Amino acid sequence: MYLSLPDDGVRMSTFCKITTVLAVAVFATLVLTITFRGLAYAGPYVLAFFLLLAISARAYPKTKSFAYTIVIFGAAAMALYYPALFISYGDFKYATLIIPLIQLIMFGMGTSMHYRDFLGVLKAPKGILIGVVSHFIIMPLLGFSIATLSVKFAAMPPEVAAGIILIGCCPNGMASNVVSYLAKANLALSVTITSISTLLSPVVTPFLMNLLAGPLIKIDPWLMVADIFKMVMIPIALGLLFSSVAKGRATWLKKVMPLVSMGGIICIIIIITAAGRDSLLKVGLLLAVLVLLHNIGGYLLGFWSAKLFGMEERDCRTIAIEVGMQNGGMAAGLAKGMGKIGTLGLAPVIFSTLMNITGSLLASYWHKKPTTRGDEATVPDAVEG
């Protein structure tokens, strides 16, 4: 058995080298196709390139964390090139799957939570208060400012611009916990802020959305409250209940749910990208720039708001990540509930994709910079985009 390990390693190394070479070859073919035939004919090469690139990225420690993001880009490209495949099958609309997928992801989040997460409120109320308040002030106001200016000066459709506000009014996603761990931030604080902001979302998110996005789009806050309870609170409560009843006997769930969550997010991105393809082709590049500013602005303002209140480096990193990273799945579900998945849902999809890139880069940068204390916690059991 032991003698086979080197052969396995050699075979894996050879496979990865072949995959990398193929990715380069396909990319060259892609460039030639775009140059001489046009972007419209490049679909198969785009998909093949992202697939091979994702496999290659998994083989190297420095690029492994980007594999999932590369898959997301490939999924979005597939939806843009072949939208008809992901809009409906006969009379069944694939958009119907969005809310069940989000509920499944939130159930997984619930199974990874524990009452101990909330005891941190008693132990470190300052950091949690700063993190939660900063999150629900900075991101909604920053989103409102960007959306308002984009409508006024860049002729952004109001419903599309309102999606920037929507993503800003949502709570943190579980991806922020993973990034906090990798960035050597305060993981316990990160998990607690995410949990509390999620529990506050049925009240805070509809209120902020009605207040800030009201001039751009008609908002029914009570419908939004009902949607959040249906999509987020009930599945999380069921997840917590299941975790309590199982009492460690369902360890397999902790291994499966992150994969289910990642798969669910990819499906949601494909469905929304296909549904909003026409709008995305018109404003996609501008919208990507705007949500990137929103995301990076959240990191910067979150970090310096924590510095302003005298927080230590690890906590400043945590709050920066918690402010800058959002629950894109929840935002997409709310857009679906309002019947505007192809407009209001575009910003959350792009934000979720880009925050995976910026979050990975930020985690890599901070991981190399020492802090005053190490983080002995473990990686969270669920990932959300």
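Looking only at helices and strands, the chain features 15 helices and two strands. Burial statistics for the chain: of 385 residues in total, 51% are counted as buried. Pairs at least 24 residues apart make up 82% of the contacts formed inside the chain by residues separated by at least 6 positions. Taken as a whole, the chain presents about 18300 Å² of accessible surface, with 72% of it coming from carbon and sulfur.

The next point concerns the environment of Leu346. Relative to the helices and strands, Leu346 is located in helix H15 (residues 346-367). Its relative accessible area of 2% is what places Leu346 among the buried residues. Placed eleven residues apart in sequence, Leu346 and Ala335 show a C-alpha to C-alpha distance of 9.0 Å. In contact with Leu346, other than residues within four places in its own chain, are Ile272, Gly276, Ser279, Leu280, Leu287 and Ile341.

The next point concerns a nonpolar patch on the surface. Among the surface-exposed residues, Leu129, Val133, Ile137 and Leu141 lie close enough to one another that they form a single nonpolar patch of about 360 Å² accessible area. Looking at where Leu141 falls in the secondary structure, it is placed in helix H6 (residues 125-154).

Our next topic: H15. Here H15 is 22 residues long and its end C-alpha atoms lie 32 Å apart, about the 32 Å a rise of 1.5 Å per residue gives. Among the 22 residues of H15, 17 are classified as buried, and the element is accordingly described as predominantly covered.

This paragraph deals with unusual backbone geometry. Peptide bonds are mostly trans, and most non-glycine residues show a negative phi. Unlike most non-glycine residues, Ala155 shows phi in positive territory, near 55°. For Ala155, the position within the fold is in the loop between H6 and helix H7 (158-169). The class for Ala155 is exposed, based on a relative accessible area of 65%.

For the structure shown, the criterion picks out six salt bridges. Ionic pairing is found between Lys307 and Glu313, a salt bridge with its closest N-O pair at 3.8 Å. Taking the relative accessible area as the measure of exposure, Glu313 reaches 24% and is therefore partly exposed.

Turning our eyes to something else, we now look at the nonpolar core. Of all hydrophobic cores here, the largest spans 93 residues; its most connected members are Met209 and Leu287. Per-element tally for this core: the top contributor is H15, with ten residues. In this view, Met209 contacts Ala162, Ile165, Leu166, Cys169, Gly214, Ile219, Met224 and Leu344; residues no more than four positions away in its chain are not counted. Membership of the second largest hydrophobic core comes to 13 residues, among which are Ala23, Phe50, Ala57 and Ala67.

Another aspect to go through is the packing of aromatic side chains. With the rule as written, the count across this model stands at eight aromatic pairs. Note on Tyr81 and Tyr82: the rings are 6.2 Å apart at their centroids and 40° apart in plane angle, and the pair reads as tilted. Among the aromatic residues, those joined into a ring-pair cluster are Phe27, Phe49, Phe50 and Phe73. When the ring centre of Tyr41 is taken as origin, the NZ or CZ atom of Arg37, which lies over that ring, is 4.3 Å away.

Relative to the helices and strands, Arg317 is located in helix H13 (residues 313-324). Residues Arg317 and Ala306, eleven residues apart in the sequence, show an inter-C-alpha distance of 8.6 Å.

Now for the confidence of the model for the chain. Looking at the chain, pLDDT values average 83 and 89% of them are 70 or higher. Note on residues 1-6: pLDDT under 50 across the span, and zero contacts to partners over four residues away in sequence or across chains. Scored below 50 in pLDDT, residues 374-384 makes 38 contacts in the model with residues more than four places away or belonging to other chains.

We now examine helix H11 (residues 251-275). Taking 1.5 Å per residue as the helical rise, H11 with its 25 residues ought to reach 36 Å, and the 37 Å between its terminal C-alpha atoms agrees with that figure. At Met257, H11 shows its largest bend, some 25°, and a proline, Pro258, comes one to four positions later.

Moving on: the packing of helix H4 (residues 98-112) against helix H10 (residues 221-246). One way to put it is that H4 packs onto H10 with a least axis distance of 7 Å and a crossing angle of 40°. Between H4 and H10, the crossing angle belongs to the class labelled oblique. Considering the relative orientation of H4 and H10, their crossing is right-handed. Side by side, H4 and H10 meet where Ile99, Ile102, Gln103, Met106, Phe107, Met109, Gly110 and Thr111 of the first sit next to Lys230, Met231, Val232, Pro235, Ile236, Leu238, Gly239, Leu240, Phe242 and Ser243 of the second. Partitioning the contact of H4 with H10 into residue classes produces twelve nonpolar, five polar and one charged.

Moving on: the side chain of Thr33. Checked against the element boundaries, Thr33 lands in helix H1 (residues 4-36). Exposure remark for Thr33: the relative accessible area of 9% places this residue in the buried category. The residues contacting Thr33, other than those within four sequence positions of it, are Gly38, Tyr41, Ala42 and Tyr45.

A few words on the environment of Ile321. Mapped onto the fold, Ile321 is located in helix H13. For the pair Ile321 and Gly131, spaced 190 residues apart in the sequence, the C-alpha separation amounts to 9.6 Å. Beyond its immediate stretch of four places on either side in the chain, Ile321 contacts Ser176, Val179, Ser180, Ala183, Tyr299, Leu362 and Trp366.

Counted by the stated rule, this structure contains zero disulfides. The structure places no disulfide on Cys169, whose sulfur is separated from the nearest cysteine sulfur, that of Cys170, by 7.1 Å.

Thresholds applied
Residues numbered from 1 in each chain as written. Predicted model: local features only at pLDDT ≥ 70, side-chain atom pairs only at ≥ 80, totals over all residues. Heavy atoms only, no water. Helix = DSSP H or I, 4+ residues; strand = E, 2+ residues; numbered from the N terminus. Buried < 20%, exposed > 50% of the residue type's maximum accessible area, 1.4 Å probe, protein only. Contact = heavy atoms within 4.5 Å. Areas by Shrake-Rupley, 256 points an atom, 1.4 Å probe, with all protein chains shown as cover. Patch = residues over 30% accessible without salt bridge, like charges linked within 9 Å, V, L, I, M, F, W, Y side chains within 5 Å. Salt bridge = Lys/Arg side-chain N within 4 Å of Asp/Glu carboxyl O. Expected span 1.5 Å × (residues − 1). Core = buried A, V, L, I, M, F, W, Y, C linked by side-chain atoms within 4.5 Å. Phe/Tyr/Trp six-rings, centres within 6.5 Å; stacked < 30°, edge-to-face > 60°. Lys NZ or Arg CZ within 6 Å of the ring centre and 35° of its normal. pLDDT = per-residue confidence, 0-100. Bend = angle between axes of the 7 residues up to and from the residue. Axes fitted to C-alpha atoms, helices over the stretch in contact; angles between N-to-C directions. Parallel < 35°, antiparallel > 145°, perpendicular 65-115°, else oblique. Left-handed = near helix turned anticlockwise from the far one by under 90°. Nonpolar A, V, L, I, M, F, W, Y, C, P; charged D, E, K, R; others polar. Disulfide = S-S within 2.5 Å.

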